Amino acid sequence: MKPIWSSVVAFGSFWYRFIVGDDWTVAAAVVFGLLATAFLNARAVAAWWLVPVLVVVMVVVSLRRASPHRNFLREAQEEKK
Amino acid sequence: MNNLSTGIGFVLLTTFLASTVEAIEMVTIVVGVGATRGWRATLAGAASGFVVLAIVVAVFGLALSAIPIGPLRLIVGALLLVFGLQWFRKGVTRVAANGFAGIKAGHSDEELAWTGPGFDWTAFVLAFKGVVLEGLEVAFIVVTFGVTANLLGPAVIGGVAAVVVVSAIGAAIQPVVSRIPRSLLQLVVGTMLTTFGTFWAVEGIGVVWPAGDAAILALLALYVLTAVTLISIERRHAFGFSPWRKA
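This one's a predicted model, so the numbers in the text were calculated from it and none came from an experiment.

Chemist: Lay out the overall build of chain B with the relevant residues and their values.
Modeler: The helix and strand inventory of chain B stands at eight helices and zero strands. Element order for chain B, N to C, with α for helix and β for strand: α-α-α-α-α-α-α-α. Look at the contacts in chain B between residues 6 or more apart in sequence, and 88% of them connect residues 24 or more apart.

Okay, structure coming up:
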């Protein structure tokens, strides 16, 4: 039973890392944005702008949070070496 | 007819560039293993990897084709958006850090020259792993993008063409492959996946975009502007080019 369960966890973990990657909050924001868009659209409110705005905000937030002192540029260079 | 041509153009370009990004690493691994350990087992491993990828594309493509276009656009659009944002963020980070530089060829202790008798299974496994792991992301993009645009054929052609072109370059003049600006390509593909992911996911909900399909170009412009702005801001802060910083 244990090997089967660990295989299931490994399989799920692979797809999670593959699709979502290292910042789950971006994926969560996308889901939230789509739900909010559907909610507003059902009430006949124009909501096409919501997801694009959320995407831009989340990219900025994600990059800033990953590198509060902008070390990510040096890290990327180190990674390349 | 124009819309169809534009659609085919976007699908071909996106899948070609996405495949180029991964094919660069794929070819670098295969050529590296082949040059150090011998070509027979390496090419057998690479060929086996391509067979696995073809099966993945066929099975995944058939499964997605069975879903109605409305829910498909919502589900696949959301997946492409989340997945594309990964490449978008990585592309911004790497282009900010490295500009248009290519990649350095990897050096692995496992790639020591093979002198033993019989079939070199290590070379086979290294080439197989390189092709499957690097190709999986390409298969994902080709299938989701192609099925959702209802253009799986052109998507597969774009993907295969990139692998063939990069492999041909790799076989003829290997060092050139490592000079292809992979980070920039990753940013371009991430931007396109984010654009189409946004468009399809929101359309899948039932929202009507202002200006219809022309909204794709507006989204593309927004995300390109975002990437360019972030790259220039991050470079200024990280490398001290800030105009408001004291010397």
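Chemist: Account for the overall build of chain A, with residues named and values stated.
Modeler: Broken down by element type, chain A carries four helices and zero strands. Starting at the N terminus and walking to the C terminus, you meet the elements of chain A as α-α-α-α. When burial is assessed residue by residue, chain A has 19% of its 81 residues classed as buried.

Chemist: Tell me about the interface of chain A and chain B, residues and numbers included.
Modeler: Listed per partner, the contact involves 26 residues of chain A and 32 residues of chain B. Listing elements by their share of the side of chain A that touches chain B, those giving two or more residues are helix H2 (24–42), helix H3 (50–66) and helix H4 (72–80) of chain A. Looking at which element gives the most residues to the side of chain A that touches chain B, the answer is H3 of chain A, with eight residues.

Chemist: Just give me the short version of the packing of H2 of chain A against helix H3 (residues 69–98) of chain B, but keep the residues and values in it.
Modeler: Where H2 of chain A meets H3 of chain B, the axes come as close as 10 Å, and the angle between the chain directions of the two elements is 145 degrees. For the element pair H2 of chain A and H3 of chain B, the recorded crossing hand is right-handed. For the pair H2 of chain A and H3 of chain B, the contacting residues are Val26, Ala27, Val30 and Leu34 of chain A in the first and Ala78, Leu81, Val82 and Leu85 of chain B in the second. Residues that form the contact of H2 of chain A with H3 of chain B fall into these classes: eight nonpolar, no polar and no charged.

Chemist: Give me the lowdown on the confidence of the model for chain B, citing residues and values where you can.
Modeler: Residues and elements named next belong to chain B. Across chain B, the average pLDDT comes to 80, with 83% of residues at 70 or higher. Taken element by element, chain B is modelled with least confidence in helix H6 (residues 174–179), mean pLDDT 65, and with most confidence in helix H7 (residues 182–205), mean pLDDT 89. Segment residues 242–247 is flagged for pLDDT under 50; beyond a separation of four residues in sequence, or across chains, it makes three contacts in the model. Under the prediction, the complex receives an ipTM of 0.81, its pTM being 0.74.

Chemist: Let's hear about H7 of chain B: which residues, and what values?
Modeler: Residue and element names in this part refer to chain B. The terminal C-alpha atoms of H7 lie 34 Å apart, and with 24 residues this matches the ideal 34 Å at 1.5 Å per residue to within 8%. Here H7 lies mainly inside the structure; 23 of its 24 residues are buried. Phi for Gly206, located one or two positions after H7, is positive at around 115 degrees.

Chemist: Describe the confidence of the model for chain A, and please don't skip the residues or the numbers.
Modeler: Summing up the model confidence of chain A, the mean pLDDT is 82 and the portion of residues at 70 or higher is 79%. The least confident element of chain A, judged by mean pLDDT, is H4 of chain A at 57; the most confident is H2 of chain A at 94.

Conventions used here
Residues numbered from 1 in each chain as written. Chains lettered and ligands numbered in written order. Predicted model: local features only at pLDDT ≥ 70, side-chain atom pairs only at ≥ 80, totals over all residues. Helix = DSSP H or I, 4+ residues; strand = E, 2+ residues; numbered from the N terminus. Contact = placed C-beta atoms within 7 Å. Buried ≥ 20, exposed ≤ 12 C-beta atoms within 10 Å, placed from the backbone. Axes fitted to C-alpha atoms, helices over the stretch in contact; angles between N-to-C directions. Left-handed = near helix turned anticlockwise from the far one by under 90°. Nonpolar A, V, L, I, M, F, W, Y, C, P; charged D, E, K, R; others polar. pLDDT = per-residue confidence, 0-100. Expected span 1.5 Å × (residues − 1).

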